[in-house]
Amino acid sequence: MKNAFQFLTTKFVKFVIFCANFVAEYIAESKPLGGLLFLLPQIFNFENNGEAGSNRLDGTKELLKNVLAELEQILIHTNLPYPVYFAFEDDNINAVLADIKKSDITGQPATATTGGYKFVVSAPEPKSVVSPSITNIQGWLAGLKGGDDAHQLPTIAIVASYDTFGAAPALSVGSDSNGSGVVALLEVARLFSLLYSNPKTRGQYNLLFGLTSGGPYNYNGTRKWLRSFDQRLRESIDYAICIDSIGSWENELWIHVSKPPENAYIKQIMEDFSSVAEELGFNVNLKHKKINISNPRVAWEHEQFSRLRVTAATLSELSAARELLEKTGGLIDSRHFVDEKAIIRSVKLVAESLARHIYGHQGKNIQIFADNSNLAVNPYYVRAWLDVLSQTPRVAPFFSKDDPFVMALKKELEDHTDEVYVQREALDGMFTFYDSTRAKLNIYQVASVTFDLLLLLVLGSYLIVLFSFLVITTRGLDDLISLFRRPPSRKVKTA
Amino acid sequence: MTVFHFFNCAILTFGPHAVYYSATPLSEYDTLGTSIKAAVVYLATALVKLICLATFLKVSESDSFDPYQELLKALIGFIDVAGLYFALAQLTHRNISQNHKFQAVGLGWAFADSVLHRLAPLWVGARGLEFTWDYILQGLEANANLVLSISLAALGSLMWLRKNKPKTLIPIIYLCAGIVATMPSITSYLRRGLGWHFPKVVGFELFTSLVMAFISWQLFSACQRPSM
């Protein structure tokens, strides 16, 4: 299917940094367009690894981020009758844009030499994704069995959702939401697998690591995952820590809970975390949000646990809950805005706090995962996985059956845990997804029809002149004239 | 409207041949057979040239002007002249005057050249969406080529078919024939060695073709006088 449309000039993304409202109004006007093309700055291009845009001030970066976030939300929630495309600025398209702006200002119609452009997008006809699925990956690290049955040991769960959602699925790499969470989970798993590999240092807690899918859609995957547990396992979970966006914070983190803060377990969690945080030099704040069972909206991942009476909390840099489909790793969530140091500090926080609980070191200032030790947090591991995640769009319905990325996560967890189990379920039908997420845009410089007609006229007259010239020079002028006059009728002679 | 553009360029490239045939007395004397024979000879010549080029020429990576390679190409270009000689002198034609013979041969030669070199790029390229001036320039080049081919055929017929030429004019005839025959090398030198752009090269070709046509016409009429 080819979609050719007249490029909508001037107004757009160069100026969107100042007027997202303008865009909203423009879209609301419902003009009949062939399509809408957004040219994003190179800084959001995950295929471009270099420090593009480092010459810009951080102030404008922040402004740009906010404006684009607003724009993305407008696009997600508006019903648009025409397709919207996203592309990245480069010199060629900037030259074309400048050309078009010039001719738009002067109001000149397109001729051969002045900026007549035809934009053709060739993409297959979008079909709805048949039964989109979610894949949850869990890794089980068994604790030191005092007795006979491992399930008698209490369990601590560490969970992070790994999929994203955005206005452009092929650009939704979600470095912070929730690439940072996935990286933190993998690093914590690696550290504890080192500890648990030696029976002398194996704790008396089982550790359950969960990489869940379906995060943007009310944590649908987590729900299905929990419902697949058997009763004993669910009851053995002491508490669950969900990690959600810990990649770009400076001084404070939030722990969100739905059980009242007076709850013994919650108190315990807070004590562990805040004491470690204090030692590491930052704050951890508690935020309580009651859940409403009749409301289908699930704002945090721990709420899915709470609905099944499992104590859980979410560790996040966000202080307030998101709206549906907001901040789910879309257009603006690029690698450039994530600080791996923030992730490393978060890993230290989670690992030390868990270790305090598992090994009973509450109140003692012991650092198990100290820097420059065997168990130090590995910054290269963090950086490598963060880079991979920042280059992989991860919208759940578009993962194929044996998607290499999901298999890579599974393999990584297999390296760090004893047992890995992959659960594939259908995504609940809140939304319908349509494929065809990438396309190629061809821009042609074309000549108008008038040019062709003019050329035909010129050529026709040239050939006629040539013809006459040749006739005159080789046969004489009389012959040329005689071509246009019939010879005098011979009837006169015979009569 | 790009099939339209293809049509325009096609009539620019091939129209003059048809016009030439119908405008001059060639059509009255029904010299189509001669033209077709000349076209076939051109095809054979092109084949021989291709084989020689493939055998003797190195493929160079850069687009620069290599004098040795160009010299080789010019020598192979003389196979063209041999082919033209064959078409003029050796093929048996019906009784047509020398005047018309060279025109018919030149026409057939130029038509075959245009079809071989310009039809395929035109078909593939001019129907696309993107507009370039290239195909129009190529058409103008075809026109220049037509004039050059006819002049070369005229000079060729003077050299090989006319026995009684004024002695003074003979070196001029050979010189002009030499220049016209090496036109391809000259244009490729201009394009690669001096770095001229395509429009400039086409302009040069048109200009020289008219000049050479005029000179050969003068030579031809000069040689015609003694026999009268």
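How each quantity is defined
- Residues numbered from 1 in each chain as written.
- Chains lettered and ligands numbered in written order.
- Predicted model: local features only at pLDDT ≥ 70, side-chain atom pairs only at ≥ 80, totals over all residues.
- Heavy atoms only, no water.
- UniProt positions renumbered as here; feature names shortened; annotations may be inferred.
- Helix = DSSP H or I, 4+ residues; strand = E, 2+ residues; numbered from the N terminus.
- Rg over C-alpha atoms; globule rule 2.2 N^0.38 Å.
- Buried < 20%, exposed > 50% of the residue type's maximum accessible area, 1.4 Å probe, protein only.
- Contact = heavy atoms within 4.5 Å.
- Buried area = accessible area lost by both parts, 1.4 Å probe.
- Salt bridge = Lys/Arg side-chain N within 4 Å of Asp/Glu carboxyl O.
- Polar contact = N/O pair within 3.5 Å; in protein donor to acceptor, adjacent residues only side chain to side chain.
- Nonpolar A, V, L, I, M, F, W, Y, C, P; charged D, E, K, R; others polar.
- Axes fitted to C-alpha atoms, helices over the stretch in contact; angles between N-to-C directions.
- Parallel < 35°, antiparallel > 145°, perpendicular 65-115°, else oblique.
- pLDDT = per-residue confidence, 0-100.
- Pairing = 2+ DSSP bridges.
- 1 Å grid on protein atoms, 1.4 Å probe; cavity = no way out; pocket = protein on both sides within 12 Å on 5 of 7 lines; lining within 4 Å.
- Points joined across faces, edges and corners; volume = space filled by probe spheres on them.

The name given to chain B in an unreviewed UniProt entry is BOS complex subunit TMEM147, with the source organism recorded as Stylosanthes scabra. Recorded in UniProt under Sequence similarities (unreviewed entry), the annotation for chain B is "Belongs to the TMEM147 family."

Under an unreviewed UniProt entry, the name given to chain A is Nicalin, and the organism recorded is Stylosanthes scabra. The UniProt entry for chain A carries the following text under Subcellular location (unreviewed entry): "Endoplasmic reticulum membrane".

Enquirer: Lay out the overall build of chain B with the relevant residues and their values.
Expert: A count of helical and extended segments in chain B gives eight helices and zero strands. In chain B, the succession of α and β elements from N to C terminus is α-α-α-α-α-α-α-α. Relative to the compact-globule value of 17 Å for 228 residues, chain B shows a C-alpha radius of gyration of 18 Å, a close match. The 228 residues of chain B split such that 49% are buried. Sequence separation of at least 24 residues holds for 80% of the intrachain contacts in chain B that already meet a minimum separation of 6.

Enquirer: Outline the interface of chain B and chain A, listing residues and values.
Expert: Buried accessible area, meaning the area lost when the parts come together, often serves as the stated size of an interface. Counting residues at the interface gives 22 residues for chain B, matched by 24 residues for chain A. Both faces combined, the contact of chain B with chain A buries some 2000 Å², and carbon together with sulfur accounts for 74% of it. Three residues, B:Ala23, B:Leu129 and B:Phe131, lead the burial of chain B against chain A; their summed loss comes to 26% of the area buried on that side. At the junction of chain B with chain A, the criterion picks out zero salt bridges. The tally of links between chain B and chain A comes to four residue pairs in polar contact (both at pLDDT 80 or more). Across the side of chain B that touches chain A, the residue classes tally to 14 nonpolar, six polar and two charged.

Enquirer: Pulling in residues and values, what's your account of the packing of helix 1 (residues 2-23) of chain B against helix 5 (residues 134-160) of chain B?
Expert: All names here are of chain B. At a minimum axis separation of 9 Å, helix 1 and helix 5 run at an interaxial angle of 10°. Comparing their axes, helix 5 and helix 1 come out roughly parallel. Between helix 1 and helix 5, the residues in contact are His5, Cys9, Leu12, Thr13, Pro16, His17 and Tyr20 and Tyr135, Ile136, Gly139, Leu140, Ala142, Asn143, Leu146 and Ile150, respectively.

Enquirer: Please set out the confidence of the model for chain B residue by residue, giving values where relevant.
Expert: Residue and element names in this part refer to chain B. Chain-level statistics for chain B give a pLDDT mean of 81 and a share of 90% at 70 or above. Taking the mean pLDDT of every element in chain B, the minimum, 77, falls on helix 3 (residues 67-90) and the maximum, 88, on helix 1. Our summary of model confidence lists the complex with pTM equal to 0.77 and ipTM equal to 0.85.

Enquirer: Tell me about the UniProt feature "transmembrane region" (unreviewed entry) in chain B, residues and numbers included.
Expert: All names here are of chain B. UniProt's feature table lists "transmembrane region" (unreviewed entry) at residues 39-59, 71-92, 168-190 and 202-220, given in the numbering used throughout. Helix makes up 91% of residues 168-190 and strand 0%, whereas the separation of the span's terminal C-alpha atoms amounts to 32 Å. Between the end C-alpha atoms of residues 202-220 the distance is 26 Å, and the span holds 100% helix and 0% strand.

Enquirer: Can you tell me about the UniProt feature "transmembrane region" (unreviewed entry) in chain A, naming the residues and giving the values?
Expert: Taken from the UniProt record, the annotation "transmembrane region" (unreviewed entry) applies to residues 453-477 of chain A. Annotation note: span residues 453-477 of chain A, helix share 96%, strand share 0%, distance between end C-alpha atoms 31 Å.

Enquirer: I'd love a proper account of the sheet that holds strand 11 (residues 312-316) of chain A, names of residues and values included.
Expert: All names here are of chain A. Spatially, 10-9-11-8-6-7-5-12 is the arrangement adopted by the eight strands of the open sheet, whose pairing is mixed. On the outer flanks of this sheet lie strand 10 (283-288) and strand 12 (419-426), each paired with one strand and no other. Each adjacent strand pair in this sheet contributes to an overall mean axis angle of 20°, direction not counted. Two elements, strand 9 (residues 252-257) and strand 11, share four bridges in a ladder whose sense is antiparallel.

Enquirer: I'd like a rundown of helix 7 (residues 183-193) of chain B, residues and numbers included.
Expert: Those residues of helix 7 of chain B lying buried are B:Met183, B:Ser185, B:Thr187, B:Ser188 and B:Leu190. Where helix 7 of chain B terminates, the next one or two residues include B:Gly195, which has phi positive at roughly 75°.

Enquirer: Can you break down the confidence of the model for chain A residue by residue, with the values?
Expert: Detailed reading of predicted coordinates is not advised where the pLDDT is low. All names here are of chain A. Looking at chain A as a whole, its pLDDT mean stands at 84, while 88% of the residues score no less than 70. Within the model, the stretch residues 1-18 combines pLDDT values under 50 with 53 contacts to residues more than four positions away or in other chains. Across residues 51-56, where pLDDT falls below 50, the model places eight contacts with residues more than four positions away in sequence or in other chains.

Enquirer: Outline the pattern of salt bridges, listing residues and values.
Expert: In total, this model carries 13 salt bridges over all chains according to the counting rule given. With a closest N to O distance of 3.4 Å, A:Glu414 and A:Lys410 form a salt bridge. You can see A:Glu414 and its partner A:Lys410 sitting in helix 11 (residues 404-416), four residues apart, about one turn around the helix. What makes A:Glu414 partly exposed here is its relative accessible area of 40%. We classify A:Lys410 as partly exposed; its relative accessible area is 24%. One salt bridge connects B:Asp113 with B:Arg118, and the closest N-O pair in it is separated by 3.4 Å. Side by side, B:Asp113 and B:Arg118 carry an identical accessibility label, which is buried. Salt bridges sharing partners connect three or more residues here, namely A:Arg335, A:Glu340, A:Arg383 and A:Asp387.

Enquirer: How would you sum up the layout of surface pockets? Please name residues and give values.
Expert: Space inside the largest pocket adds up to approximately 1800 Å³. A:Val84, A:Phe86, A:Ala167, A:Pro169 and A:Thr437 are the residues nearest the centre of the largest pocket, which is lined by 46 residues in total. At the level of secondary structure, the elements contributing two or more residues to the lining of the largest pocket comprise helix 2 (58-77), strand 3 (84-88), helix 3 (91-106) and strand 13 (440-445) of chain A. Here the lining of the largest pocket gets five residues from one element, more than from any other, and that element is strand 3 of chain A. In terms of residue class, the lining of the largest pocket is made up of 33 nonpolar, eight polar and five charged. When its volume is computed, the second largest pocket comes out at roughly 1200 Å³. Around the second largest pocket sit 38 residues that line it, and B:Lys49, B:Asp80, B:Asp113, B:His117 and B:Pro184 are the ones nearest its centre. For the lining of the second largest pocket, the leading source of residues is helix 3 of chain B, giving eight residues. In terms of residue class, the lining of the second largest pocket is built from 19 nonpolar, nine polar and ten charged.

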